[in-house]
Amino acid sequence: LAWKRKQCCYWRRISKKTGKIYHIKHNPPVDENEEDIYQRDDDNETAVITRLAAYKSQTAPLFNYYKDLGKTVIVNGEQEVGKITEDILKILNSL
């Protein structure tokens, strides 16, 4: 999973004109001028490794804390966006 997160940020590109986010491999920019596409300065392997370490030390413990209290719900984020949205709305509507 950590490698997937690294790849996600490493291959991310952003349009200067529209702000739209692309993934070079999975969602490449087709209707954009090449000069309008950029990579954030912090979308490099070193920065991503640092962010993942911060997540592991600071955020992950919070998840476990709330999980132990029964206050978390897992949503499969590797589905199509529409299905993820549907799943989240079902959970919210059940509260």
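Before any of the text, the structure's been laid out above.
Starting afresh in each chain, residues are numbered from 1 along the sequence in its written order. Reporting of local features is limited, given that this is a predicted model, to residues whose pLDDT is at least 70; pairs of side-chain atoms are given and counted only at 80 or more, and all residues count toward the totals for whole chains, interfaces and linings. The basis for every side-chain value is the complete set of non-hydrogen atoms in the structure, without hydrogens or water.

A. A nonpolar patch on the surface, seen in detail. A residue counts toward a patch only above 30% relative accessible area and without a salt bridge, and it is joined to like-charged neighbours within 9 Å or, for Val, Leu, Ile, Met, Phe, Trp and Tyr, to nonpolar neighbours within 5 Å. With residues, only the protein chains shown are counted as cover, and all accessible areas are computed by Shrake-Rupley using a 1.4 Å probe. Salt bridge criterion: a side-chain nitrogen from Lys or Arg within 4 Å of a carboxyl oxygen from Asp or Glu. Among the surface-exposed residues, Leu62, Tyr65, Tyr66 and Leu69 lie close enough to one another that they form a single nonpolar patch of about 420 Å² accessible area. Numbering of helices and strands starts at the N terminus; helices are DSSP runs of H or I of at least 4 residues and strands are runs of E of at least 2. Take Leu69: it is sitting in the loop between α2 (45–68) and α3 (81–93). Leu69 sits in the partly exposed class, given a relative accessible area of 48%. Per-residue accessibility, obtained with a 1.4 Å probe over protein chains only, is compared with the maximum for each type, and a residue is labelled buried under 20%, exposed over 50%, and partly exposed between these values.

B. Summary view of the environment of Glu80. Structurally, the position occupied by Glu80 is in the loop between α2 and α3. Residue class for Glu80 comes out exposed when judged on its relative accessible area of 66%. Separated by 26 residues in the primary sequence, Glu80 and Ala54 place their C-alpha atoms 28 Å from one another.

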